[in-house]
Amino acid sequence: MTETKSKRLLILYATQTGNAMDAAERIGREAERGGCPASLLSMDEYDVSLLPLEETVVFVVSTTGQGDTPDSMKVCWRFLLQRNLNRHWLEGLHYAVFGLGDSGYQKYNFVAKKLDKRLSDLGAQAIVERGLGDDQHPSGYEAALDPWSSSLWRMLNQMNPKLFPDGRDYVISDKKFLDLPKVQIRYHAADEVNLQYLVGSGLSCTETEIEKARSMSPGRFSGRHTRPDCFLKLVKNHCLTKAGCGKDVRHLEFNFESTAIEYDVGDVLEILPGQDPEAVDAFLERCHLDPESFITIHPTKQDNRIIANGISASIVPIKLRTFVELAMDISSASPRRYFFEVMSYFATAEHEKERLQYFASAEGRDDLYQYNQKERRSVLEVLQDFPSVQLPLEWLVQLVPPLKTRAFSISSSPSAHPNQVHLTVNVVSWMTPFKRNRAGLCSMWLANLDQGALIPAWFQKGSLCPPPPSLPVILIGPGTGCAPFRGFVEERVIQSQSTWTAPIIFFFGCRNEENDFLYRDFWFDHSQNDGVLSDAKGGGLFVAFSRDQPQKVYVQDKIREHSQVVWNLLNSGAAIYVAGSSTKMPSDVWSAFEDIISKDGAVSRESAVRWLRALEKAGKYHVEAWS
C-alpha cells in the first residue's frame, strides 16, 4: 500500500431518503477540516471489487422498508455475498459502519448490522464499534452520530496520524473555515435563453421544466426520477371518512392524460407535490432573489451526485422561480444542522450568530431538535427567524432540502379500471408542541385539487408482489393499509370470472364503524353472495373497531380470535400480506401469527418463529409499512 493511498479516507454511503448522504457528507467535512483528504461516493458509483486496495473506508448505510438495503447498495451487497470471497479477502482493510434506522421497525438498522458482520467475516478490521442512529431518538440519528464520529477520529488518529496532518484538535472560529459551496450559479440574460425556453407547450413543456429543475438539483435523484413517467388527470376526489370525525381520508381517481403506464396491483405511485405560490413568493422575497432571472447550476468540481446518470441537463437555463417551485422544499421539510452552521457565518446580528453557532454545536443538538425538527419548522420559517442572515443562492441551492416525490400504494386493479389509477390518501395534519397547526405538503395539496387538475407521476414496483389466483392469501391492512388490498380484491374478482381462485381473507381495522370504516360497502359487497371474501369461497372479512367498545380491539386481536381459519389457510400454503403503519402494528401482527402457529400447530415458540422466517424466505410473508 503506497503512502498516497494510506492518506485517503473513502466514505461510501447508501441512502434512500437522503439522510445517509447527509451523514456521510458531514463525516467528509469533518475529515477535510482535519486535513484528511476524503473521497465521498454513493455505493453505486464505486467498484466494490476494489475494496481490497483501500486502507480505510467508512460506510454510512440506511435501512429501508422491513430490513431492506437501499437501491444504491443492492449491486454492492450482492457482490459482497459471493461465496468465492474468502475470509482473507479484505485483510488489511480498516473500516467503520454507521447505520441509520428507525427502532419502530422490527428489523432496526438491519442493513448496518449485516454489513458490519460481512466485512468482518471477509477479514476487514473494525476501527470502532458500529454506530446505530435512530429516527425515534429525540435528537434523531445525530444523537448517535456525534459520539460515534468523535470516537472514529480519535481511533483513526491513533492508528495512522498521517491521515491528519493538521491534527484532530481543530477549532472552527472564523469565516475562513467555511467550506466552499458545492455548486456555482450562472445567470443568463433573457435574450440568450428566450428561444430555447419557449420551445414546447402544455405537458411537454412542463415535463421538460421538471426534468431541467431536478437534473440541476444537488439533491440525489436517480435518472428515472428527473422526468415524470406520465401525467395524471384527477377525475374524482371523494372523502371516505365522516365529516367532523377528526380524520380526512380521500379516495382519488386519476385518468392517464399522457402515456398510459402498465402497472400491477401492489405497485406504488410517486407524486411530485405542488408548493404554495405564496410561500414561494415569500421565500424569493426573503432571500432577495429575482424570480424572473434565468440560471444554470453547475458543480464546483466534478461531482456525480449532482449530475443525474452522468448527463448534465443544466446546460439549458431555467427560471429561478421555476427551479424553486420544482426542486427546493422551502415550506415543509426541516433544514439539517449544517444549514444552521452555514447560516452562522452569514449572520450580521451578534445574538443571531451566537444562537446559530449554539444550534450547530453538539451541546445545542437537543435544543435544535426542539426548535427545528419537533416543531417541523420549514426553511422559510427558519430564515424568517434569523432576519440578519443573507445566504448566497449557491448555499441555498445546496442546503435547502430537495423537493421529493411522495409515495402512495395504488388502490386499484388495472384490470378493473383500465386507463385509471386510484389512491387512498390520509390527509395528514397535526399540532406541534407549541400549538402550531401543521399539514402534510402532498396529502393536503392532493385533497385541495380540483377535478381536471394534472399532476406529474412516477410508477414504482412495490414490496407487495401480486399473488397468483391459485395462491390463498391472508391480508392485514388497518387504516389506509387497506389501499393495496382493495386492488388485490378487485384483481381476484376479475380472475374468478375465468378461472378458479383460492380463498382470500382480509383483516381490517379502524377506530369506529361509523366514522372511518374505509370502503365499507366495497368489502361487504365482496364478502356476501359468493364474493371472493365470502364464506362460500372459503374467504372472510374480519374488522376490528378499536374505539367502539370499552376495551380496544386491533387487527392482531381479530387474527387470534379467528386462529382456526388462519391456521387452516397457512396449512394450505397461504401467503401473508401486511400493510399500514410502521409503529407497532407489523410486529404485533407477527406476534399474533407466532401465537397461532405455536398453539394450533402444537410447536414451540422458536419453531413458530422458524416457520414464519421460512415463509419470508420463500417470498410468502410481505410487509409494506410507513411512518
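Keep in mind the model is a prediction, meaning the values are calculated, not measured.

### Re unusual backbone geometry
No. 1: For aspartate 530, which is not a glycine, the phi torsion comes out positive at approximately 65°.
No. 2: Note on placement: aspartate 530 falls in the loop between α18 (520-526) and β20 (540-545).
No. 3: The class for aspartate 530 is exposed, based on a relative accessible area of 51%.
No. 4: The backbone phi angle of alanine 602 is positive, close to 55°, even though this residue is not glycine.
No. 5: Within the element layout of this structure, alanine 602 appears in the loop between α21 (585-600) and α22 (605-617).

### Regarding the side chain of glutamate 490
No. 1: In this structure, glutamate 490 sits in helix α16 (residues 483-496).
No. 2: What makes glutamate 490 buried here is its relative accessible area of 7%.
No. 3: In contact with glutamate 490, other than residues within four places in its own chain, are Ser411, Ser412, Ser413, Ala416, His417 and Phe522.

### Observations regarding helix α8 (residues 277-286)
No. 1: Every buried residue of α8 is listed here: Ala279, Val280, Phe283, Leu284 and Arg286. End-on, the buried residues of α8 take up no more than an arc of 165°, which puts them together on one face. In α8, the exposed positions that point more than 90 degrees away from the buried face belong to Glu278 and Glu285.
No. 2: Tucked into the core, α8 has its buried residues touching α9 (320-327), α13 (379-385) and α14 (393-399).
No. 3: For α8, the N-terminal cap is aspartate 276; the gap from its side-chain oxygen to the backbone nitrogen of glutamate 278 is 3.0 Å.
No. 4: Just beyond α8, the residue with positive phi is histidine 288, at close to 55°.

### Focus: the UniProt feature "binding site: FMN" (unreviewed entry) in the protein
No. 1: The positions UniProt marks with the feature "binding site: FMN" (unreviewed entry) are Thr15, Gln16, Thr17, Gly18, Asn19, Ala20, Ser62, Thr63, Thr64, Gly65 and Asp135.
No. 2: As for its position among the elements, alanine 20 is in helix α2 (residues 19-33).
No. 3: Under the relative-accessibility criterion, alanine 20 is labelled buried at 0%.
No. 4: With respect to the helices, strands and loops of the structure, serine 62 is situated in strand β3 (residues 56-62).
No. 5: Its relative accessible area of 10% is what places serine 62 among the buried residues.
No. 6: Ignoring any residue separated from it by four or fewer positions in sequence, one finds serine 62 in contact with Ala14, Thr15, Gln16, Ala20, Asp68, Pro70, Leu100 and Val111.

Rules behind the numbers
- Each chain has its residues counted from 1, following the order in which its sequence is written.
- Predicted model: local features are reported for residues with pLDDT of at least 70 only, side-chain atom pairs are reported and counted for 80 or more only, and whole-chain, interface and lining totals are derived from all residues.
- Excluded from the side-chain calculations are hydrogens and water; all other atoms, namely the structure's heavy atoms, are used.
- Note on conventions: DSSP H or I runs of at least 4 residues are helices, E runs of at least 2 residues are strands, and numbering of each starts at the N terminus.
- Burial classes follow relative accessibility: with a 1.4 Å probe on protein chains only, a residue under 20% of its type's maximum area counts as buried, one over 50% as exposed, and anything between as partly exposed.
- Residue contacts are counted whenever heavy atoms from the two residues lie within 4.5 Å of one another.
- This arc is taken over the directions from the axis of the helix to the C-beta atoms.
- Polar contact is the term for a pair of N or O atoms within 3.5 Å; when the atoms are in protein, one must be able to donate a hydrogen and the other to accept it, and sequence-neighboring residues count only if both atoms are side-chain atoms.
- UniProt positions are given in the numbering used here, feature names are shortened, and annotations may be inferred rather than shown by experiment.

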